[in-house]
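Listed below, chain by chain, are the residues.
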Amino acid sequence: MSTTIWVLIVILALVLGFVGGFFAARKYMESYLKKNPPINETMLKTMMLQMGQKPSEKKLHQMMNAMKSQSAKK
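Residues numbered from 1 in each chain as written. Predicted model: local features only at pLDDT ≥ 70, side-chain atom pairs only at ≥ 80, totals over all residues. Heavy atoms only, no water.

Observations regarding the overall build of the protein chain
On a plain count of helices and strands, the protein chain comes out with 3 helices and 0 strands. In the protein chain, the order of α-helices and β-strands from amino to carboxyl end is α-α-α. Taken over C-alpha atoms, the radius of gyration comes to 23 Å for the protein chain, far larger than the 11 Å a tight globule of 74 residues would show. Projected onto the principal axes, the alpha-carbon positions of the protein chain cover approximately 75 × 25 × 15 Å. Relative to its full complement of 74 residues, the protein chain shows a buried share of 8%. Taken as a whole, the protein chain presents about 6700 Å² of accessible surface, with 68% of it coming from carbon and sulfur. (Helix = DSSP H or I, 4+ residues; strand = E, 2+ residues; numbered from the N terminus. Rg over C-alpha atoms; globule rule 2.2 N^0.38 Å. Buried < 20%, exposed > 50% of the residue type's maximum accessible area, 1.4 Å probe, protein only. Areas by Shrake-Rupley, 256 points an atom, 1.4 Å probe, with all protein chains shown as cover.)

Listed below in structure tokens is the structure:
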């Protein structure tokens, strides 16, 4: 085989590796974030208390539902 064919094979392998790695990492991160959401009601309640607000259950549920609907739109 000539040198140009080897170079093309190496470049093709690198491109396929990058594309495959990108999609594998993306799928892994999506499943990780689905299993471990970045924020929950306890964290939201703590943030509201730090901001000087007294969180009611109704307000917590409204904010969580708003965050869920916003992330579902993406």
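Once you've had a look at it, read on.
Some points on the domain arrangement of the protein chain
Once the domains are mapped, the protein chain shows domain 1 (1–36) and domain 2 (39–73). Centre-to-centre separation of domain 1 and domain 2, based on C-alpha positions: 38 Å. (Domains from an automatic or database assignment.)

Quick word on the packing of aromatic side chains
The final tally for this structure, using the stated rule, is 2 aromatic pairs. Aromatic pair Phe22 and Phe23: ring centres 5.1 Å apart, planes at 75°, arrangement edge-to-face. Look at Phe23 and you get partly exposed, because its relative accessible area is 46%. Taken together, a centroid distance of 6.3 Å and an interplanar angle of 25° make the contact between Tyr28 and Tyr32 stacked. Taken as a pair, Tyr28 and Tyr32 lie in helix H1 (residues 3–35) at a separation of 4 residues, close to a single helical turn. Owing to a relative accessible area of 53%, Tyr28 belongs among the exposed residues under this scheme. (Phe/Tyr/Trp six-rings, centres within 6.5 Å; stacked < 30°, edge-to-face > 60°.)

Quick word on the UniProt feature "transmembrane region" (unreviewed entry) in the protein chain
Taking the numbering used here, the UniProt-annotated feature "transmembrane region" (unreviewed entry) corresponds to residues 6–25. Overall, residues 6–25 shows 100% helix and 0% strand. The separation of its end C-alpha atoms is 28 Å. (UniProt positions renumbered as here; feature names shortened; annotations may be inferred.)

Looking at the nonpolar core
Core analysis: the biggest nonpolar cluster contains 5 residues, these being Ile39, Leu44, Met48, Leu60 and Met64. Elements with a minimum of two residues in this core: helix H2 (41–50) and helix H3 (57–73). Setting aside residues up to four positions removed in sequence, Leu60 forms contacts with Glu41, Leu44, Lys45, Met48 and Pro55. (Core = buried A, V, L, I, M, F, W, Y, C linked by side-chain atoms within 4.5 Å. Contact = heavy atoms within 4.5 Å.)

As for the confidence of the model for the protein chain
With 97% of its residues at a pLDDT of 70 or more, the protein chain shows a mean pLDDT of 89. Highest mean pLDDT in the protein chain belongs to H1 (95); lowest belongs to H3 (84). (pLDDT = per-residue confidence, 0-100.)

Comments concerning a nonpolar patch on the surface
On the surface, Val7, Ile11, Val15, Val19, Phe22 and Phe23 cluster together to form a nonpolar patch covering roughly 550 Å² of accessible area. With respect to the element layout, Phe22 can be found in helix H1. (Patch = residues over 30% accessible without salt bridge, like charges linked within 9 Å, V, L, I, M, F, W, Y side chains within 5 Å. Salt bridge = Lys/Arg side-chain N within 4 Å of Asp/Glu carboxyl O.)

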